[in-house]
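# Tertiary structure, described
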Amino acid sequence: MNKSAFYKLSYGIYIITSGKEGRFNGQIANTVFQVTSEPPTIAVSINKQNYTHEQIVASRSFAVSILEEAAPMTLIGRFGFKSGKEIDKLEGIRTRMGKTGIPIVTDHAVAFIEAEVVSEMDCGTHTIFLGRIVECDILDAVAEPMTYAYYHAVKGGKAPKNAPTYQAEQAPPKPAATAAKAARYTCTVCGYIYDPEKGDPEGNVKPGTGFEDLPAGWVCPVCGAEKDKFKKEGQVL
Ligand code: FE
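We now turn to the structure provided with this report. (Residues numbered from 1 in each chain as written. Predicted model: local features only at pLDDT ≥ 70, side-chain atom pairs only at ≥ 80, totals over all residues. Heavy atoms only, no water.)

In this section: the overall build of the chain. Scanning the chain from terminus to terminus reveals three helices and 12 strands. Scaling as 2.2 N^0.38, a compact globule of 237 residues should have a C-alpha radius of gyration of about 18 Å, and the chain matches this with 19 Å. Principal-axis analysis of the C-alpha atoms places the extent of the chain at approximately 60 × 45 × 35 Å. A total of 237 residues make up the chain; the buried ones form 45% of that total. Pairs at least 24 residues apart make up 62% of the contacts formed inside the chain by residues separated by at least 6 positions. On the chain, roughly 12,800 Å² of surface is accessible, and the fraction owed to carbon and sulfur atoms is 54%. Of the side-chain charges in the chain, 26 are positive and 27 negative, and the distance between the mean point of each set is 5 Å. (Helix = DSSP H or I, 4+ residues; strand = E, 2+ residues; numbered from the N terminus. Rg over C-alpha atoms; globule rule 2.2 N^0.38 Å. Buried < 20%, exposed > 50% of the residue type's maximum accessible area, 1.4 Å probe, protein only. Contact = heavy atoms within 4.5 Å. Areas by Shrake-Rupley, 256 points an atom, 1.4 Å probe, with all protein chains shown as cover. Lys, Arg positive; Asp, Glu negative; His and termini not counted. Charge placed at Lys NZ, Arg CZ, Asp CG, Glu CD.)

In structure tokens form, the structure reads like this:
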């Protein structure tokens, strides 16, 4: 079985919000799909360990914000690699209140869909929630929605450990021929790769900046980990 085949499935990148009685949370999911058009229903697969799962079970509602290609990795990292049990992920994020009383993330979103849970399926580590759509709209008619492939190829993103999608094995070390180039460093927390050739445009780090030359206080643009959490590509810890 060659599980790389799963990478050929196309997905998007979404922020799923839920919550109840003033306590709200959101998380990244790539597994959202429309199930029927009449009545309009949608499904999402959520890890049972995630705070958002607990909130969907309690409130029986969820909202989906469809992110644009330009959505920064810091936004994706905030919702994908941190737990709402530890931080208020929605603090400082633009939202609007949905019909079900759940805040919908509007920052970097091209559209949103809000749904009430009508059914669910136990899938072991995850639950698939089936929702009847109560509201949806376009937020940005011009921006392109981000696909999962774009997230991997252009943004250098990785799948969080609780994602339902296939987790790639650790990439083998690069051959020695590339050793002369400035080394790339991998975040051991989230898998983000710092590539000196690209720099970190979102963190105002110019292309050509070596990892050693990153400014003090620089942190992983995805998960916020500090520099000592990075290891040189190919290095075995
Ligand atoms: Fe990271």
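Next comes the rest of the description.
Here we come to the pairing of strand β8 (residues 109-123). Bridge count for strand β5 (residues 61-67) against β8 is seven bridges, and the pairing is antiparallel. Considered in β8, the bridge of V64 is made with I113. As consecutive antiparallel partners, β8 and strand β9 (residues 126-138) are separated by two residues, and within that stretch G124 has a phi angle of approximately 80°, a positive value. (Pairing = 2+ DSSP bridges.)

Moving on, we come to the coordination of the iron ion. For the iron ion, the protein coordination sphere consists of C187 (SG), C190 (SG), C220 (SG) and C223 (SG), at 2.3 Å. Classification of the site at the iron ion as tetrahedral follows from its four donor atoms and the range of 103 to 115° in their angles at the metal. As a motif over one chain, the donors of the iron ion read C-x2-C-x29-C-x2-C. Here C190 falls in the buried class, since its relative accessible area comes to 6%. (Donors = N, O, S within 2.8 Å, 3.2 Å for Na, K, Ca; no water. Tetrahedral: all angles 85-135°; square planar, octahedral: opposite > 155°, others 65-115°.)

On the basis of which strands lie adjacent, the open sheet formed by three strands has the order β11-β10-β12 and antiparallel pairing. Lying at the two open borders of the sheet, with one neighbouring strand each, are β11 (193-194) and β12 (230-232).

Along helix α2 (residues 73-80), six of the eight residues are buried, which leaves the element largely enclosed by surrounding structure. Of the positions making up α2, those classed as buried are M73, L75, I76, G77, F79 and G80. Where α2 is buried, its residues touch β1 (14-20), β2 (23-29), β5, β7 (103-105) and α3 (148-153).

Right, let's talk about the pattern of salt bridges for a bit. The final tally for this structure, using the stated rule, is seven salt bridges. Taking the shortest distance from any N to any O, the salt bridge between K48 and D122 comes out at 2.8 Å. Within this pair, whereas K48 is found in the loop between β4 (40-47) and α1 (51-59), its partner D122 is found in strand β8, the two being separated by 74 residues in sequence. Each of R184, D195 and E233 takes part in one network of salt bridges that share partners. (Salt bridge = Lys/Arg side-chain N within 4 Å of Asp/Glu carboxyl O.)

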